[in-house]
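Chain by chain, the residues run as shown.
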Amino acid sequence: MMGNNMPKSVHGWWKGKRERSHITLHTSRPSGTGIYDMRTRRRVTVDAWKYKWGDRLTGDTLDQLGHGGTKLGARMAGMVNFRKPGGNGGGAHSKYLTFRVMSEGSTGWIRPAQPGKWPARTVSEQMEPAMEEILSKALETDITSLVGGEAS
């Protein structure tokens, strides 16, 4: 098996009489950040979708299909089948997805927070000694040329 191929046992389970998920509404909602657009003075909005959820591939089902406790099973846990609106058959009309919806109000993130790397501050701190030396020499050269004489 290569790439993200679905095992035949899982595909066979989906081919049974399973309810497909689909999008019922695409709209927008105010951003949870509460910010306003500086130009229009209106609340910033973000895309929002409403779904009708169908069947979902559960851990119990994966156990029954022989994929429970495996890395592949963990990746497929929560899988849904989305039917293209108006589609009524064929592989081109459905997509199998595993995803998590995250928004400003979500209780957790897939990856925990980590301390910042501060690239600009780090570069500034690393360059400071060299820049002080370069600027000091440049200033000495300028002053020497103004008063006449030789730089040391």
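Read on for a plain summary of the structure.

Parameters at a glance
All residue numbers here refer to positions counted from 1 along the written sequence of the relevant chain. In keeping with the model being predicted, local features are shown solely for residues with a pLDDT of at least 70 and side-chain atom pairs are shown and tallied solely at 80 or more, while totals for entire chains, interfaces and linings include all residues. Calculated side-chain values reflect all of the structure's heavy atoms, with hydrogen atoms and water omitted. Buried Ala, Val, Leu, Ile, Met, Phe, Trp, Tyr and Cys residues form a nonpolar core when they are joined through side-chain atoms within 4.5 Å. The cut-offs for exposure are 20% and 50% of the maximum accessible area for each residue type, with area from a 1.4 Å probe on protein chains only; residues under the lower value are buried, those over the upper are exposed, and the others partly exposed. The way it works is that DSSP assigns letters per residue, a run of H or I at least four long becomes a helix, a run of E at least two long becomes a strand, and they are numbered from the N terminus. By definition, the arc is the one covered by directions from the helix axis to the C-beta atoms. Should any heavy atoms of two residues lie within 4.5 Å, those residues are considered in contact. Planes of paired rings set the category: under 30 degrees apart is stacked, over 60 is edge-to-face and the rest tilted, where pairs are Phe, Tyr or Trp rings (Trp by its six-membered ring) whose centres lie within 6.5 Å. Two conditions define a charge sitting above a ring: the NZ of Lys or the CZ of Arg must be within 6 Å of the ring centre, and it must be within 35 degrees of the ring normal. Any pair of nitrogen or oxygen atoms within 3.5 Å is treated as a polar contact; in protein, a donor-acceptor pairing is required on top of that, and neighbouring residues in sequence qualify only through side-chain atoms on both sides. Any Lys or Arg side-chain nitrogen located within 4 Å of an Asp or Glu carboxyl oxygen qualifies as a salt bridge.

Right, let's get into the nonpolar core. Counting residues in each nonpolar core, the largest one holds 8 residues, listed as Val10, Trp13, Trp14, Leu57, Leu62, Leu72, Met76 and Met79. Contributing elements (two or more residues each) for this core: α1 (8-15) and α3 (71-76). Residue contributions to this core peak at 3 residues, all from α1.

Turning our attention to α1. Residues of α1 that are buried: Val10, Trp13 and Trp14. Looking down the long axis of α1, one finds its buried residues gathered within 100° of arc, a one-sided arrangement. Of the residues in α1, the exposed ones pointing more than 90 degrees away from the buried face are Lys8 and Lys15. The secondary structure elements touched by the buried residues of α1 are α2 (59-64), α3, β3 (80-83) and β4 (94-97).

With the rule as written, the count across this model stands at 5 aromatic pairs. The interplanar angle of 80° and the centroid separation of 5.9 Å between the aromatic rings of tryptophan 53 and phenylalanine 82 together place this pair among those described as edge-to-face. With a gap of 29 residues between them, tryptophan 53 in the loop between β2 (45-52) and α2 and phenylalanine 82 in strand β3 connect regions that are remote in the sequence. Judged by its relative accessible area of 10%, phenylalanine 82 is buried. The rings of Trp13, Trp14 and Tyr96 are connected pair by pair, giving a single aromatic cluster. When the ring centre of tryptophan 53 is taken as origin, the NZ or CZ atom of arginine 56, which lies over that ring, is 4.9 Å away.

Topologically, serine 31 is positioned in the loop between β1 (22-30) and β2. Assessed through its relative accessible area of 5%, serine 31 is described here as buried. In the structure, serine 31 is positioned 15 residues away from valine 46 in sequence and 5.7 Å away in space, judged by C-alpha atoms. A polar contact of 2.8 Å, which involves the side chain of serine 31, links it to the side chain of threonine 33.

Let's shift gears to the pattern of salt bridges. Taken as a whole and assessed by the stated rule, the structure comprises 2 salt bridges. A salt bridge links lysine 52 to glutamate 19, with the nearest nitrogen and oxygen atoms 2.2 Å apart. You can see lysine 52 sitting in strand β2 and its partner glutamate 19 sitting in the loop between α1 and β1, a full 33 residues away along the chain. Note on lysine 52: relative accessible area 36%, which makes it partly exposed. Residue glutamate 19 is classed as partly exposed on the basis of its relative accessible area of 38%. For lysine 137, the salt bridge identified is with glutamate 133, shortest N-O distance 3.5 Å.

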